[in-house]
Amino acid sequence: MIRIGNEEAVLETGSWPPLWQKIVHAKRNSATVFRYVSLGHLRFELRLRTAIVEAAKGLKRSGVQFEDFEHSHCNERYWNLNRQGGFELRPDVTPAEGIRDIFVNGPRYGFECATAIVIVLYKGLLDCIHERDFNRMFADLLLYDWHYDSDLRLIEKQGVSQSFPGDVLYFKNPDVNPRQIEWQGENTVKLEEDLYYGHGIGIVSSQAIIAKLNRHRKPGSTVSAYLTDQVISPDFLYLSQYEAGGSEVNPEALEQNWMQESGIVSRIGRRRYWIA
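All values reported here derive from a predicted model rather than from experimental measurement.

Calculation criteria
Residues numbered from 1 in each chain as written. Predicted model: local features only at pLDDT ≥ 70, side-chain atom pairs only at ≥ 80, totals over all residues. Heavy atoms only, no water. Helix = DSSP H or I, 4+ residues; strand = E, 2+ residues; numbered from the N terminus. Expected span 1.5 Å × (residues − 1). Polar contact = N/O pair within 3.5 Å; in protein donor to acceptor, adjacent residues only side chain to side chain. Pairing = 2+ DSSP bridges. Axes fitted to C-alpha atoms, helices over the stretch in contact; angles between N-to-C directions. Contact = heavy atoms within 4.5 Å. Phe/Tyr/Trp six-rings, centres within 6.5 Å; stacked < 30°, edge-to-face > 60°. Buried < 20%, exposed > 50% of the residue type's maximum accessible area, 1.4 Å probe, protein only. Lys NZ or Arg CZ within 6 Å of the ring centre and 35° of its normal. pLDDT = per-residue confidence, 0-100. Parallel < 35°, antiparallel > 145°, perpendicular 65-115°, else oblique. Left-handed = near helix turned anticlockwise from the far one by under 90°.

What about helix α2 (residues 39-62)?
For an α-helix, 3.6 residues make a turn, and residues three or four places apart therefore share a direction.
Now for step 1: The terminal C-alpha atoms of α2, which comprises 24 residues, lie 34 Å apart, in line with the 34 Å expected from a rise of 1.5 Å per residue.
Now for step 2: For α2, the N-terminal cap is S38; the gap from its side-chain oxygen to the backbone nitrogen of G40 is 3.4 Å.
Now for step 3: Two residues or fewer after α2 comes G63, characterised by a positive phi angle close to 90 degrees.

Given below as structure tokens:
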């Protein structure tokens, strides 16, 4: 069920993009109540989810390579490669320019799957908010593993059965071959029902991802890889205040209202976070 404020939403979605309609249909038919403070909040979520899906497809088309941290590489016109294999934005480059170059000059880049997912999230957000806000929020951008700026506002929850396109899901390979530790799991973006993007694997079904991971188990193992219950998504309400073309909002009031309604405590402050 979808509620806007305290009322069940009555939505005319016939003119909305197909992916928006699919997401709304799934939420309407769910036993879970999805609450929104306004129609604009709902529309921004749908827009950002769609942008994340398109960014994942774009990264797949870009020609970026799958590499471990030891062999990571980047376009040195935009990024400096540090000793850990992370990409540090050059001081004469804006965050928006740096992210866009990955999609334009993909063959010049190589990184592992967690970094790829963070790049997809940044690109999706860049396509939905004012560029000046993006550049301000991520001024000291570093791309490395599940390292991300707190302004990206990722929320982690359990319940993969209630995941939607644009969510980040994780496939775990518990019996991975220690000599192929890079295949201990696969971070993915959900594109459609049972269709996922995973860097190094491509755009495939859940069974295809599991089959790929199972080829990198310990010899003789019968313990299969599996899709975990973890779901990661941006804080759509908080980020909606920066929507390109959106109306002016009071971010503190919006956030306080949403936290009271949902019980979510967002992580605040300009700090760095890791997701294990």
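Section: the sheet that holds strand β13 (residues 195-198)
Now for step 1: Strand order in the open sheet made by the six strands is β10-β15-β11-β12-β13-β14, with antiparallel pairing throughout. Here the strands that pair on one side only, and so sit at the sheet edges, are β10 (154-158) and β14 (202-204). The mean inter-strand angle of the sheet, taken between neighbouring strand axes irrespective of direction, is 30 degrees.
Now for step 2: Here strand β11 (residues 168-172) pairs with strand β15 (residues 226-234) via four bridges, running antiparallel. Paired with V168 across the strands is I232, a residue of β15.
Now for step 3: Its contacts with the sheet place α2 against β12 (185-192), β13, β14 and β15, and it is angled at close to 120 degrees to β12.
Now for step 4: Against the sheet, helix α4 (residues 113-126) engages β10, β11, β12 and β13, with an angle of about 30 degrees to β12.

Some remarks on the packing of aromatic side chains
Now for step 1: Overall, the coordinates contain twelve aromatic pairs when judged by the stated rule.
Now for step 2: Plain terms: the ring middles of Y122 and F134 are 6.3 Å apart, the flat faces sit at 90 degrees to each other, and that makes the pair edge-to-face. Highlighted residues: Y122 in helix α4 and F134 in helix α5 (residues 131-137), separated in sequence by twelve residues. You'll find Y122 and F134 in the same group, each marked buried.
Now for step 3: One aromatic cluster in this structure is built from W79, F87, Y109 and F111.
Now for step 4: The ring of Y78 carries the charged tip of R77 above its face, separated from the ring centre by 5.1 Å.
Now for step 5: Lying over the aromatic face of Y238, R153 brings its terminal NZ or CZ to 3.6 Å of the ring centre.

Considering the pairing of β11
Now for step 1: Most of β11 sits inside the fold, with four of its five residues counted as buried.
Now for step 2: Looking at chain direction, β11 and β12 are connected through five bridges and run antiparallel. What sits directly across from L169, in β12, is T188.

A word on the confidence of the model for the chain
Now for step 1: In the predicted model, the chain carries a mean pLDDT of 87, and the fraction of residues at 70 or more is 88%.
Now for step 2: The least confident element of the chain, judged by mean pLDDT, is strand β16 (residues 272-273) at 40; the most confident is helix α3 (residues 95-104) at 98.
Now for step 3: Low pLDDT (under 50) marks residues 257-276, which in the prediction has 54 contacts with non-local residues, meaning those over four places away or in another chain.

Structural notes on the packing of helix α1 (residues 18-28) against α2
Now for step 1: At a closest axis distance of 10 Å, the pairing of α1 and α2 adopts a crossing angle of 120 degrees. Overall, the two elements α1 and α2 adopt an arrangement that is oblique. Note on packing geometry: the crossing formed by α1 with α2 is right-handed. Seen from α1, the contacting residues are L19, W20, I23, V24 and K27; seen from α2, they are R43, E45, L46, R47, R49, T50 and V53.

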